[in-house]
Amino acid sequence: MRDSVWKILRFLRPLIAVSAGLAAGLLVTALAGENPLHVLAILGRSAFGSRYDFGMTLFYATPLIFTGLSVALAFHAGLFNIGAEGQLTLGALAAATVGICFPGVPAVIAPFLAGLAAFAAGALWGAIPGWLRARRGSHEVINTIMMNFIAVGLSSWVTLYLLKNPDSQNPETQAVAPSYLIKHLDFFGDAPLSIALFVALAAVVAIWIFLSKSTRGFELRSVGQSEGAARAAGISVGRMQILAMALAGGLAGLVGVSEVLGNATRFKVGFSPEYGFMGIAVALLGRSRPLGVLGAALLFGALHKGTADLDMETENITRDLSLILQGLVILSVAADGLWAWLDRRRSP
Amino acid sequence: MIELKALRKVFGAVVANADVSLKIERGSIHAIIGENGAGKSTAMKMLYGIYPPDSGEIFVEGRLCHWRSPRDAIAAGIGMVHQHFMLAAPYSVFENIVLGVEPLWPAQRQAMREKIKALSAQYGLAVDLDAKIEDLPVGIQQRVEILKLLYQNARILIFDEPTAVLTPQEARNLFANLKKLKSEGKTCILITHKLKEVMEASDQVTIFRAGAVVGEVKTSETSVDELASLMVGRKVSLRAERGAFEAKNVAGGGSKETGPVLRVKNLSLKSSLRDLSFEIAPGEIVGIAGIEGNGQSELLQVLLHPKEYHKKMSGEVSWLGVPSLSGSKTLSNSEIRALGVGCVPEDRHQEAVLLKRPALESFLLGFQRRSRFKKSVFIDSSRLAQAAAEAFESFDIRPRDPALEMSKFSGGNQQKLVIAREFEFSPRALIAAHPTRGVDVGAIEFIHAQILKARAKGLGVLLVSSELDEILALSDRVLVIYEGRIVGEFKHEEFSTGQVTEMDLGRCMTGVAK
Amino acid sequence: MKKLFLNGVGWVSLFAWVCGGALAQEYKVGLILDKGGKDDKSFNSAAFRGATQAKSDLKIFLKYVEATDDNAFETLTRSFAQKDFDLIIGIGVSQAEAIKKVSAQFPSKKFVIVDAEVKAPNVRALLFEEHEGSFLVGAIAAMMSQSGTLGFIGGMDIPLIRRFEMGYVAGAKKINPKVKVISNYVGISGDAWNNPAKGKELAVSQYGAGADIIFAPAGASNLGVFDAAEEKKKFAIGVDSNQNWIKPGYILTSMLKRVDHAVFAAIEDGVKGKFTSGTQRFGLANQGIDYAVDQYNEKLLTPKVRADAEKIKAEIVAGKIKVPDFYLKK
């Protein structure tokens, strides 16, 4: 009896974590002098209030699905990809570069070409720290952070010195050729949501199939479960680590599709409000499962959307306070370790 | 005195302890024996406060106890020496003993040292307080664990498989220490399945089977054979009956191989292996005997992973006639395995299974690329499930639930699964490293039988084991390794006819004589 | 001290809002700040100052928000437009697209964009002639220089700052054709606006190379330049806001860009129903651009220098001096 209650609790664990974080956040807003129910209502309306609002939520969720999957996939191979931010930067830059340099490509294949470039650039940016980990033993956490810095420098340089938009003060590239732009989802009104959302959903399904059904995915997970056992089973641990990081990087790189081909039409330096780092929280909250990542990305998309609206709709909640709210949710997700510990005490 | 009354503990669908009642006298050495998964560890963990019992009562020195955590048990004078020591390797012995109650000022530190020194003199547990744990041999580390418990005023000491990691000499020292502890009034509980040790060290024995206590005997009034049959519920022979498994007696027996399954020539690896040469014929089991740390691990690694070591090694190796190391040409581990080389790795938890995943995945591990388990790029889950179900049946892996997380299986059942997996594709060569380490008597017998049966069908086996009994029971030929060299070779007949004794072998293993 | 003062202003304006809130039909202004936020001590701060001033002086309702990312601009602008806000002000060039798009969808609302040009019947664009002020401080620097070498440290290398640089160099050459100007930029990304350490490093090396006055349109990075000026006992010139007080005695003057005035004026026009669309340029002529003289630097600038500066200013306003504009060059 108690066991079954425990089982249900364990299943609901992520939900409980989110609720606890949200409750703590609302408490903080109450201290700031807002009615928590009002805040909650605003958050709800902000996320789902209208087609436009829901469209914006989905718009923010799309890149988070990509980065969340990226981090989750690396987790499955026992690696910690902190480099999604750099990988998505390079992915977006690559998509823009292709779109600017090859304007004559027919519209039938142009988005695929740019998407491929985005995936490849992100994959390269992930594979490098993967290779360094596999062959040189240097830790991927440090290397991916370093790669983030290089990505910022490289993308700024390319943007400002090679592909600069001459009509703008902003550090951004020229626009890609119109044939590269993907379809906007008009259902959501002015929200800059494009069919990149479906690419993200397809990625969720693909990664789920890859991890749970494919032989290669099994090998990758084995490496994450036990490097020793994988090695003894004839699986090349290093090769799997490189593969995992390359795939992770490629997934993050696909943010370029939603951002460049679906929204901005160009690469803007600093376009990402740290999607890459939010992806870590998304993966943690989603317990590294593709469907969980999808749910977590929607939640974080809604929270991010809500940040702006809370600032707008309330007197005392500023951008910083709503970031605290977001932070508390992430924190309580991370505090999941406590649950894991409780769990361990119950089973052998 | 300790009394457990009708303890019950259930994990999911597994009843670990059904109705466990037992009494342990103060100032005795009490052995708790049973097969892996018989519930002896669970019972002791409840006594130590790791798990709360679902029902039943624990009395320590007449008082009913409700532990919330091991902390309560420790406060009540119960200590446990875990199979894997709980020591911080980079710290000194002193620091480890006082961990959690560190001294605040120098005078206190001095007092603590004096107290530890007094304890170590009283119980004959000599140890250098300033040595770092990582520099000490396991035997001494265990001594530190005991000292730590004594320092915490433990009156009841639980030892979980204390000799699993010890050399025979260290084990003898441990037993001497146990007797000393007993003479000073401490109660020692010994969880083990090594019956010889039980006979040597204990006063009283409780036997567990299938989650319940099935026997309670005085050591002086019993024998190894009686204990063994109580444990497994039938008579067992501890020496494998090789005769029953001769080729002519096994269906489909006889070798079809011609050349050696493994050929090693002048193999050297840095300072670990020196100029090893040997061959294993089809249908032959070659045992590598030696004290641990004389190159056995390195030998297994270079045989299985020549690619990773080839810059540091020289010599030639071929598996089943295919060179795996020859000049600069090497085969990868997966290529070697694909030839039909099976492997029971040294460290089950680290190298053989995926503990946190369903057992099914551990069963697949290493064979996921075999066409039988593949459907284009995907795993053929229906065939896999079928094969696993059959293997669980034929290797008697319990519980019969391939979807259950691997870590929920007992050590013996985990090992049976590893053996079942490696035999699934009928290998022609097998490396078996400590195939029965941490495995109970019943499973040992079963595993030995499986290996001998496969040998009769032409399997060539390289057996590495720290259990001399096992080497002698299975091997057609024994190679003695000492400091990376083969220093002796004996045939099975030499033992069976008494030409060579275990004493001769022991002298050879310690480098005293050929 | 300064913080206390700001807090005071905050409470007063809150009080004003509470009292004013009772009155019906107040004029509602929505202010959308760039990612830097209201405390960037430069551009956004100036806009926020102007709006807060309007709140207390004109009894308007003011709501400000800070954007979290580039994609939030449009959402925020639209949110304001959908509610009963009368005037929506976007600060910074990154908001141009959002203002352009939303203003077309809400023709009855009024919009203001600072630093970018958006041509629409309901949008007022506020542009500043930074090159004029730069020319002026360049001239002052050349007059004051002992070494005949000047320094220029820009924040991010973008056309706007190139415009500052070109004006500054031209002003200096006007006074002393042989003057040498050493020029550096802190960086090429947004971080360049907030990297005082790099600013100081560049300043120290420019002073080392002989420059004795450095003009630093570099956002918060110029705080490092001021540090270096104090350390090396040389001069620096501030920018945007009056920064003379930061290191008194080492800051020769500040080139003022009166974003606060321009924002205030736009709100005032709106309140009085005199809002006009189109592009408004702020230069020396209408005091939208100026140089600062106050108690901190009046002893540094000799009367002769100030008189000459005023003369040059008048000539620029009168069109007698043509200041080169980087924007028109290309």
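Because the structure is a prediction, the values reported are computed rather than measured.

Participant: So, the interface of chain A and chain C: which residues are in play, and what are the values?
Facilitator: With 24 residues of chain A at the interface, the matching set in chain C holds 20 residues. Of all elements in the fold, only α7 (140-162) and α14 (290-313) of chain A reach the threshold of two or more residues within the side of chain A that touches chain C. For the side of chain A that touches chain C, the element with the most residues is α14(A), which contributes six residues. Per-class residue counts for the side of chain A that touches chain C are 11 nonpolar, eight polar and five charged.

Participant: So what's going on with the domain arrangement of chain C? Which residues, and what values?
Facilitator: All names here are of chain C. Looking at the assigned domains, one finds that chain C contains domain 1 (2-128 + 259-282) and domain 2 (130-257 + 300-329). With centres defined by C-alpha atoms, the gap from domain 1 to domain 2 works out at 29 Å. In this complex, domain 1 contributes eight residues to the contact, which on the side of domain 2 involves six residues. Residue composition of the side of domain 1 that touches domain 2, grouped by class: four nonpolar, two polar and two charged.

Participant: Kindly report on the environment of A:Ile235, identifying the contributing residues and their values.
Facilitator: Residue and element names in this part refer to chain A. Here Ile235 is to be found in the loop between α10 (227-232) and α11 (237-253). Looking at Ile235, the number of C-beta atoms within 10 Å reads 24, which means it is buried. Note: C-alpha distance between Ile235 and Ser222 (13 residues apart in sequence) is 8.7 Å. Beyond its immediate stretch of four places on either side in the chain, Ile235 contacts Glu219, Ser222, Val223, Ala230 and Met240.

Participant: Describe the domain arrangement of chain B, and please don't skip the residues or the numbers.
Facilitator: Residues and elements named next belong to chain B. Per the domain assignment, the segments making up chain B are domain 1 (2-232) and domain 2 (242-351 + 422-509). Centre-to-centre separation of domain 1 and domain 2, based on C-alpha positions: 35 Å. Each side of the interface is counted separately: domain 1 has eight residues, and domain 2 has seven residues. In the side of domain 1 that touches domain 2, the residues fall into four nonpolar, three polar and one charged.

Basis of the calculations
Residues numbered from 1 in each chain as written. Chains lettered and ligands numbered in written order. Predicted model: local features only at pLDDT ≥ 70, side-chain atom pairs only at ≥ 80, totals over all residues. Contact = placed C-beta atoms within 7 Å. Helix = DSSP H or I, 4+ residues; strand = E, 2+ residues; numbered from the N terminus. Nonpolar A, V, L, I, M, F, W, Y, C, P; charged D, E, K, R; others polar. Domains from an automatic or database assignment. Buried ≥ 20, exposed ≤ 12 C-beta atoms within 10 Å, placed from the backbone.

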